Amino acid sequence: EKTALGKVEVKRVEASKTKVAPGDTVIFTTRYANKGKQAATGVVLTNPVPEHMNYVDRSAEGRGTTIDYSVDGGKSFGAKESLKVRAADGSMRAALPADFTHVRWQIEKPIAPGEGREVSFRARVE
């Protein structure tokens, strides 16, 4: 939302207590923690981009992760530069952020017992 001075202001509010309108941007955050007694390895988190929303380019964040995307409902993933979708005329074209259906984070290092982190991405309401 723009302030009176023309600056963009980001507000975090509890999702169940607010309504969103077309054009609004929503931040989806997933918090995770290792509640076990041993380091967790090979951890992968996947979040869908909700229906009627478009992923905001370069908004996925996650310290110590490799981030990739899906354009086929989460069946396959790849770096965003490598993804292709079928255009209306049947030809293949480079995928755009609006084509992304899922975001996936692969945690690069083991998560120690008791350690917690978070990943997030933004999407805009259609």
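Note that the coordinates shown come from a computational prediction; the quantities given were computed from them, not determined experimentally.

K.L.:
Teacher, can you tell me more about the pairing of strand β7 (residues 102–107) here?
P.N.:
Put simply, side chains in a regular strand alternate between the two faces of the sheet. The element β7 is extensively covered by neighbouring structure, given that five of its six residues are classed as buried. Where strand β4 (residues 65–70) and β7 come together, six bridges link them in antiparallel fashion. The residue bridging Thr 66 from the neighbouring strand is Gln 106, located in β7.

K.L.:
How should I be thinking about the sheet that holds β7 in this particular structure?
P.N.:
Sheet strands pair via backbone hydrogen bonds, and the direction of the pair is either parallel or antiparallel. Strand order in the open sheet made by the three strands is β2-β7-β4, with antiparallel pairing throughout. Two strands bound the open sheet, and with one partner strand each, they are β2 (44–48) and β4. The average angle at which neighbouring strand axes cross in this sheet is 20 degrees, direction not considered.

K.L.:
Help me out: how do you make sense of the pattern of salt bridges in this one?
P.N.:
Opposite charge on two side chains allows them to pair when their charged atoms are near. Tallied over the entire structure, the rule returns five salt bridges. Between Asp 57 and Lys 80 there is a salt bridge; the shortest N-O distance is 2.8 Å. Of the two residues, Asp 57 is situated in the loop between β3 (53–55) and β4 and Lys 80 in the loop between β4 and β5 (84–86); the sequence distance between them amounts to 23 residues. Since its relative accessible area comes to 22%, Lys 80 is described here as partly exposed. Across the salt bridge formed by Glu 115 and Arg 117, the nearest N and O atoms sit 2.9 Å from each other. Looking at Glu 115, the relative accessible area reads 24%, which means it is partly exposed.

Analysis parameters
- Residues numbered from 1 in each chain as written.
- Predicted model: local features only at pLDDT ≥ 70, side-chain atom pairs only at ≥ 80, totals over all residues.
- Heavy atoms only, no water.
- Buried < 20%, exposed > 50% of the residue type's maximum accessible area, 1.4 Å probe, protein only.
- Helix = DSSP H or I, 4+ residues; strand = E, 2+ residues; numbered from the N terminus.
- Pairing = 2+ DSSP bridges.
- Axes fitted to C-alpha atoms, helices over the stretch in contact; angles between N-to-C directions.
- Salt bridge = Lys/Arg side-chain N within 4 Å of Asp/Glu carboxyl O.

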